[in-house]
Amino acid sequence: MPVKSLPIKRILNGLNKGNKGYIAMVGHIAQTGQIVATDFKAGNVLPNTDNLSFIKICQNALPKGTNIKKLRIDSAGHQASIIDYCILL
């Protein structure tokens, strides 16, 4: 018996309600590819929510005496609080 697929409109509506989508955040070391921290936000949360706290989690996960030297982040992370924190590192 063939599997009946859902209409695309129904699938998209499910995503728009925030029930099925997630925003993945991954902190990693570019040179080695090692993952420092991960976070999964619900799909209906704004992308710029709690980015600074995630950066602090990544910093605290690094070995003592090691600091973040460069930070690559998309436009959701262009916030004064993040820039100020990075200047102090």
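Keep in mind that this is a model prediction, so the values were computed, not measured. (Residues numbered from 1 in each chain as written. Predicted model: local features only at pLDDT ≥ 70, side-chain atom pairs only at ≥ 80, totals over all residues. Heavy atoms only, no water.)

1. Some remarks on the nonpolar core
So, step 1. In terms of nonpolar packing, the biggest core is built from six residues, these being Leu52, Ile55, Leu62, Ile68, Ile82 and Tyr85.
So, step 2. Mapped by element, the contributors of at least two residues to this core are helix 2 (51-61) and helix 3 (80-88).
So, step 3. Apart from residues no more than four positions distant in its own chain, tyrosine 85 is found in contact with Leu52, Ile55, Lys56 and Gln59. (Core = buried A, V, L, I, M, F, W, Y, C linked by side-chain atoms within 4.5 Å. Buried < 20%, exposed > 50% of the residue type's maximum accessible area, 1.4 Å probe, protein only. Helix = DSSP H or I, 4+ residues; strand = E, 2+ residues; numbered from the N terminus. Contact = heavy atoms within 4.5 Å.)

2. Brief notes about helix 2
Structural remark: α-helix, 3.6 residues per turn; residues separated by three or four positions point the same way.
So, step 1. Those residues of helix 2 that fall on the buried side of the exposure criterion are Asn51, Leu52, Phe54, Ile55, Cys58 and Gln59. Summarising the axial view, the buried residues of helix 2 lie within an arc of 160 degrees, below the 170-degree limit, and thus occupy one face.
So, step 2. Where helix 2 is buried, its residues contact strand 1 (22-28), strand 2 (35-42) and helix 3. (Arc of directions from axis to C-beta.)

3. Things to note about the pairing of strand 2
Taken residue by residue, a regular strand's side chains alternate between the two faces of the sheet.
So, step 1. Strand direction decides the pairing type here: strand 1 and strand 2, joined by seven bridges, are antiparallel. In the strand pairing of strand 2, isoleucine 23 is matched with lysine 41.
So, step 2. From the end of strand 1 to the start of strand 2, which pair antiparallel, there are six residues, and glycine 33 there has a positive phi angle of about 80 degrees. (Pairing = 2+ DSSP bridges.)

4. Overview of the packing of helix 2 against helix 3
So, step 1. Between helix 2 and helix 3, the shortest axis-to-axis distance is 9 Å and the interhelical angle comes to 25 degrees. Taken together, the axes of helix 2 and helix 3 are roughly parallel relative to one another. For the crossing formed where helix 2 meets helix 3, the hand is right-handed. Contacts between helix 2 and helix 3 involve Asn51, Leu52, Ile55, Lys56 and Gln59 on the former and, on the latter, Ser81, Ile82 and Tyr85.
So, step 2. When grouped by side-chain class, the residues that make up the contact of helix 2 with helix 3 number four nonpolar, three polar and one charged. (Axes fitted to C-alpha atoms, helices over the stretch in contact; angles between N-to-C directions. Parallel < 35°, antiparallel > 145°, perpendicular 65-115°, else oblique. Left-handed = near helix turned anticlockwise from the far one by under 90°. Nonpolar A, V, L, I, M, F, W, Y, C, P; charged D, E, K, R; others polar.)

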